[in-house]
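Descriptive analysis of the structure
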Amino acid sequence: MAVDSVMSSPLGPPACEKDAKALQFIEEMTRNADLVQERVLAEILTRNAQTEYLRRFNLDGATDRETFKSKVPMVSYEDLQPEIQRIANGDRSPILSAHPISEFLTSSGTSAGERKLMPTIQEELDRRQLLYSLLMPVMNLYVPGLDKGKGLYFLFVKSETKTPGGLLARPVLTSYYKSDHFKTRPYDPYMVYTSPNEAILCPDSYQSMYTQMLCGLYEREQVLRLGAVFASGLLRAIRFLQLNWKQLTQDIRSGTLNPNVTDAAIWSCMDRIMRPNPKLADFVARECSKDNWEGIITRIWPNTKYLDVIVTGAMAQYIPTLDFYSGGLPLACTMYASSECYFGLNLNPMCKPSEVSYTIMPNMAYFEFLPVDSGSTRNSPPRLVDLVDVEVGKEYELVITTYAGLYRYRVGDILRVTGFHNSAPQFHFVRRKNVLLSIDSDKTDESELQKAVENASKLLNNYNTSVVEYTSYADTKTIPGHYVIYWELMVKNESGNPPPSQVLDRCCLTMEESLNSVYRQGRVADNSIGPLEIRVVKNGTFEELMDYAISRGASINQYKVPRCVNFTPIMELLDSRVVSAHFSPSLPHWTPERRR
């Protein structure tokens, strides 16, 4: 096959022979999606036939889809928790996977307030690396010349723990960055970063960010793309530059590293990189000292072609801020992945964020789809749809069967089918199921928020005050973003005075203490979430909210107060009724989780 006929592109043929092979692989997988899916399921069931979990369902060696679907149930994390806990506690028998569980990947989703533990096996690193290897060949179709410069990517490792049985438990990206797949990756001119491995692998977030930003400034004219995993992470980097540019320019001017950076590996590598550059220091200081930071990204890094960040789902709330700081640079969403599995990639990465669709790669796992409007009952279980049989325009919940031992597992992502690439469907990420609030990797659902409000409102009892109604929103105008909770209070004491301000401040902290460990880690260790805020509104505000909803067509009989709002007129109404604002006065408790 000729390299220029592998995939249609507005910019012509693949950039090189290596890219041509990667694009041809995408074509082969997506053209034969159903056959690949059949093979993947057969491989998973054959290799894991003697696992304790699959033996319960009496498959008797069958590897076909019909038998699998008729005998193996669809499950949630809570259904698998007993097996996962046994593995975490040290049971090495083949419970879920015939291959040894190499570590647990901690999900940003939680169960009973703690991160979910996703079992994985060593070869999953190869599968993840395979998907990573497809990203740049696709991007090179749309953005030429990326081999002529570098990427400034803000990448970080997070805390890891060990289970009682001695297995590591850590986020999927921490696992990848610490693997040889990343640390000893072969040189690729399309994948050169300004950040040295030593900075990425430094566990101290301040030292890591400082060093990565410093390296990015030194090589400002070489930078062709800026990125982070999430949009929120890139905005935190810009905020870091706002707060630390004076020290950074001092280091550049003198050619010596900030003494607050104490990591020995960083010092060793920066000794080879740093040199005095007064001209660069003057330039950075001149730009950063200006009051207006609009377009700061292209002012500091003038050759940047696009930003590589996830701006789908909850991250879409950051698009206006990214546009402000970048002067409207294209936002590229390149891949779709989770702790459970890497799913697919965006074959049109330079499209508008609202048009992002991910093509599921059928070799990554066995995929099924639960129609969102399935209307199943106890007597008629839902009928799951195979990968190639989904319908354009319909929404589905993703269900996966992986090589690592998850069988018919509900991921919790709601996807809408937008089209097909060959026979492989393309999906727009709609939302996480049941997630109400999210700033970074945190996910807070309605029941968690309700429990947090209940716990905090107990502090009001001594003042004969109660919370009449509440709602919330994720405020991303601040960096980092933070949760805002609107409270309407009923004061039953004789004076009619609300509780003292410091009591309401403590309510903020009590709410934070009540939220899950992912939220609290974001507050304490990652600095990715700001202090929670309670805004007390005038009495009658929530009646006005109902009147507004009814005026827009809501049924008075079916109206329920929304527990999260993001519609501008509603937020403007709430903010116009605020009588006082209160913030959490300190950090909530958080330590790396001890696995029981």
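Model, not experiment: these values are computed from the prediction.

Let's shift gears to the overall build of the chain. Across its full length, the chain holds 20 helices and 22 strands. For the chain, the C-alpha radius of gyration of 25 Å lies close to 25 Å, the compact-globule estimate for 596 residues. With respect to the three principal axes, the spread of C-alpha positions in the chain is 80 × 75 × 50 Å. Nonlocal contacts in the chain, meaning residues at least 24 apart in sequence, comprise 69% of its contacts between residues at least 6 apart. Of the accessible surface of the chain, which amounts to about 25,300 Å², a share of 49% is contributed by carbon and sulfur atoms. Side-chain charges in the chain split into 64 positive and 69 negative, and the spacing between the mean points of these groups amounts to 2 Å.

The topology assignment puts E368 in strand β12 (residues 366-371). Under the relative-accessibility criterion, E368 is labelled buried at 0%. One polar contact links E368 to R408, side chain to side chain, over a distance of 2.7 Å. Excluding residues within four positions of it along the chain, E368 makes contact with F68, K69, L384, V385, D386, E397, L398, V399 and R408.

Turning to the pattern of salt bridges, a few remarks are in order. For the structure shown, the criterion picks out 37 salt bridges. Between K18 and D188 there is a salt bridge; the shortest N-O distance is 3.2 Å. Of this pair, K18 sits in helix α1 (residues 17-31) while D188 sits in the loop between α8 (180-183) and α9 (197-200), and the two are 170 residues apart along the sequence. Residue class for K18 comes out exposed when judged on its relative accessible area of 55%. Note on D188: relative accessible area 16%, which makes it buried. Shared partners join several salt bridges into a network, and the residues in it are D34, R65, K69, E368, D386 and R408.

Here we come to the nonpolar core. Membership of the largest hydrophobic core comes to 167 residues, with the highest contact counts inside it found for W301, F367, W487 and M511. In this structure M511 touches L449, A452, V453, A456, I485, W487, L532 and I534, once residues within four positions along its chain are discounted. The next biggest cluster of nonpolar side chains, apart from the first, holds eleven residues, and it includes Y486, V537, F542 and V565.

What follows covers the domain arrangement of the chain. How large an interface is tends to be reported as the accessible area lost when its parts come together. Domain boundaries in the chain define domain 1 (17-122 + 338-373 + 382-432), domain 2 (147-304) and domain 3 (436-583). For domain 1 and domain 3, the distance between their C-alpha centroids amounts to 36 Å. With seven residues of domain 1 in contact, the opposing surface of domain 3 contributes eight residues. Summing both sides of the interface, domain 1 and domain 3 together bury roughly 610 Å²; the carbon and sulfur share of this comes to 48%. The interface formed by domain 1 and domain 3 includes zero salt bridges. At the boundary of domain 1 with domain 3, the tally comes to zero residue pairs in polar contact (both at pLDDT 80 or more). Secondary-structure elements contributing two or more residues to the side of domain 1 that touches domain 3 are β1 (103-111) and β2 (114-120). Among the elements that make up the side of domain 1 that touches domain 3, the one with the highest residue count is β1 (three residues). Per-class residue counts for the side of domain 1 that touches domain 3 are no nonpolar, four polar and three charged.

One open sheet holds the four strands; their spatial order is β3-β6-β7-β8, and the pairing between them is parallel. Whereas interior strands pair on both sides, the edge strands pair on one side only; in this sheet they are β3 (150-154) and β8 (331-332). For strand β6 (residues 223-230) and strand β7 (residues 306-310), the ladder comprises four bridges, and the chain directions are parallel. Bridge assignment links L226 to a residue of β7, and that residue is L307. Sheet strands touched by helix α10 (residues 205-218): β3 and β6. Its angle to β3, the strand with the most contacts, is close to 160°.

Across the interface, helix α16 (residues 446-457) lies against helix α17 (residues 501-514) with an axial gap of 8 Å and an inter-helix angle of 140°. In terms of orientation, α16 and α17 fall into the oblique class. For the crossing formed where α16 meets α17, the hand is right-handed. Within the contact between the two elements, α16 uses L449, A452, V453, N455 and A456 and α17 uses C507, T510, M511 and S514. Considered class by class, the residues forming the contact of α16 with α17 number six nonpolar, three polar and no charged.

Note that the residue after I479, namely P480, is joined by a cis bond; omega there is -5°. Along the chain, the position of P480 falls in the loop between β19 (465-475) and β20 (482-491). The backbone phi angle of R408 is positive, close to 55°, even though this residue is not glycine. Its location among the elements puts R408 in the loop between β14 (395-401) and β15 (409-421). Of note in this structure, N464 is not a glycine but carries a positive phi near 50°. According to the relative accessible area criterion, N464 is partly exposed, its value standing at 43%.

The first and last C-alpha atoms of α16 sit 16 Å apart over twelve residues, in line with the 16 Å expected at 1.5 Å per residue. Those residues of α16 lying buried are E448, L449, A452, V453, A456 and S457. Summarising the axial view, the buried residues of α16 lie within an arc of 165°, below the 170-degree limit, and thus occupy one face.

With their axes 10 Å apart at the nearest point, helix α11 (residues 231-254) and helix α15 (residues 319-326) run at an angle of 45° to one another. When the axis of α11 is compared with that of α15, the two are oblique. The two elements α11 and α15 meet at a crossing, and its hand is left-handed. Taken together, the residues of α15 that come into contact with α11 (itself represented by A231, L234, L235, I238 and Q242) are T321, L322 and Y325.

Moving on to the state of the cysteines. Evaluated as defined, the whole model comprises zero disulfides. Unpaired in this structure, C333 has its nearest cysteine sulfur neighbour in C351, at a distance of 7.3 Å. Here C564 stays free of any disulfide, with the sulfur of C508 as its closest cysteine sulfur at 17 Å.

Turning next to helix α13 (residues 278-288). Each full turn of the α-helix corresponds to 3.6 residues, which orients residues three or four apart in the same direction. Residues of α13 that are buried include every one of L280, A281, F283, V284, A285, E287 and C288, and no others. Of the surrounding secondary structure, the elements contacted by the buried residues of α13 are α10, α11 and α14 (296-300).

Attention now goes to the packing of aromatic side chains. Per the stated rule, a full pass over the model turns up 21 aromatic pairs. Note on F369 and Y396: the rings are 6.1 Å apart at their centroids and 75° apart in plane angle, and the pair reads as edge-to-face. Of this pair, F369 sits in strand β12 while Y396 sits in strand β14, and the two are 27 residues apart along the sequence. Overall, F369 belongs to the buried group, its relative accessible area being 0%. Seen in terms of ring centroids, Y483 and Y519 are 4.9 Å apart; in terms of plane orientation they differ by 45°. Their pairing is tilted. With Y483 in strand β20 and Y519 in helix α18 (residues 517-524), this residue pair connects regions lying 36 residues apart in the sequence. Take Y483: its relative accessible area is 0%, and that puts it in the buried class. Through a chain of ring-to-ring contacts, three or more aromatic side chains come together here, namely Y132, Y176, Y177, F182 and Y342. Seen from the ring of F182, R185 lies directly overhead, with NZ or CZ sitting 4.1 Å from the centre.

Scoring rules and cut-offs
- Residues numbered from 1 in each chain as written.
- Predicted model: local features only at pLDDT ≥ 70, side-chain atom pairs only at ≥ 80, totals over all residues.
- Heavy atoms only, no water.
- Helix = DSSP H or I, 4+ residues; strand = E, 2+ residues; numbered from the N terminus.
- Rg over C-alpha atoms; globule rule 2.2 N^0.38 Å.
- Contact = heavy atoms within 4.5 Å.
- Areas by Shrake-Rupley, 256 points an atom, 1.4 Å probe, with all protein chains shown as cover.
- Lys, Arg positive; Asp, Glu negative; His and termini not counted.
- Charge placed at Lys NZ, Arg CZ, Asp CG, Glu CD.
- Buried < 20%, exposed > 50% of the residue type's maximum accessible area, 1.4 Å probe, protein only.
- Polar contact = N/O pair within 3.5 Å; in protein donor to acceptor, adjacent residues only side chain to side chain.
- Salt bridge = Lys/Arg side-chain N within 4 Å of Asp/Glu carboxyl O.
- Core = buried A, V, L, I, M, F, W, Y, C linked by side-chain atoms within 4.5 Å.
- Domains from an automatic or database assignment.
- Buried area = accessible area lost by both parts, 1.4 Å probe.
- Nonpolar A, V, L, I, M, F, W, Y, C, P; charged D, E, K, R; others polar.
- Pairing = 2+ DSSP bridges.
- Axes fitted to C-alpha atoms, helices over the stretch in contact; angles between N-to-C directions.
- Parallel < 35°, antiparallel > 145°, perpendicular 65-115°, else oblique.
- Left-handed = near helix turned anticlockwise from the far one by under 90°.
- Expected span 1.5 Å × (residues − 1).
- Arc of directions from axis to C-beta.
- Disulfide = S-S within 2.5 Å.
- Phe/Tyr/Trp six-rings, centres within 6.5 Å; stacked < 30°, edge-to-face > 60°.
- Lys NZ or Arg CZ within 6 Å of the ring centre and 35° of its normal.

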